[in-house]
Amino acid sequence: GETLRRVHAEQGLRGLFKGLTLNWFKGPLAFSVSFTAFDFIKLRIEEWEESRDVMVRRMEERIEGLDDNVGETDETIVGATPSRKGTWRPGGTGRDLEGE
């Protein structure tokens, strides 16, 4: 209460509102800068997440492609034995060539 009386006595009623105009301009300006920064950062994060998802999908497709090739290779080479004509066939034990 003492400060209020002193300001009123020295500067009058106008002294109580001194600096208020600056705060009226400063408040909305600070809000608009904060809001713009928030929107900008949010947009950049969404773009980053989209690009990350695209990269992950591409990597998964490549891995699936590798898995498909590995499966084919496993069937045609692993456990394969030469047949009598010199070609490879899956599965055999090689015993069919022992007597030759």
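Residues numbered from 1 in each chain as written. Predicted model: local features only at pLDDT ≥ 70, side-chain atom pairs only at ≥ 80, totals over all residues. Heavy atoms only, no water.

## Focus: the packing of aromatic side chains
Applying the stated criterion to the full structure yields one aromatic pair. Seen in terms of ring centroids, Phe31 and Phe35 are 6.0 Å apart; in terms of plane orientation they differ by 20 degrees. Their pairing is stacked. Taken together, the residues Phe31 and Phe35, both in helix 3 (residues 20-76) and four residues apart, mark about one turn of the helix. The class of Phe35 is partly exposed, set by a relative accessible area of 47%. (Phe/Tyr/Trp six-rings, centres within 6.5 Å; stacked < 30°, edge-to-face > 60°. Helix = DSSP H or I, 4+ residues; strand = E, 2+ residues; numbered from the N terminus. Buried < 20%, exposed > 50% of the residue type's maximum accessible area, 1.4 Å probe, protein only.)

## A closer look at the pattern of salt bridges
Within this structure, the stated rule accounts for four salt bridges. The residue Glu10 makes a salt bridge to Arg6 at a minimum N-O spacing of 3.6 Å. Of this pair, Glu10 and Arg6 both sit in helix 1 (residues 2-11), four residues apart, which is roughly one turn of the helix. Taken individually, Glu10 and Arg6 each receive the classification exposed, so the pair is uniform in this respect. Of the charged contacts in the structure, one is a salt bridge between Glu47 and Arg44, with a shortest N-O distance of 2.9 Å. Residue Glu47 and its partner Arg44 are both found in helix 3; the two are separated by three residues, about one turn of the helix. Residue classification places Glu47 among the partly exposed positions, given a relative accessible area of 40%. (Salt bridge = Lys/Arg side-chain N within 4 Å of Asp/Glu carboxyl O.)

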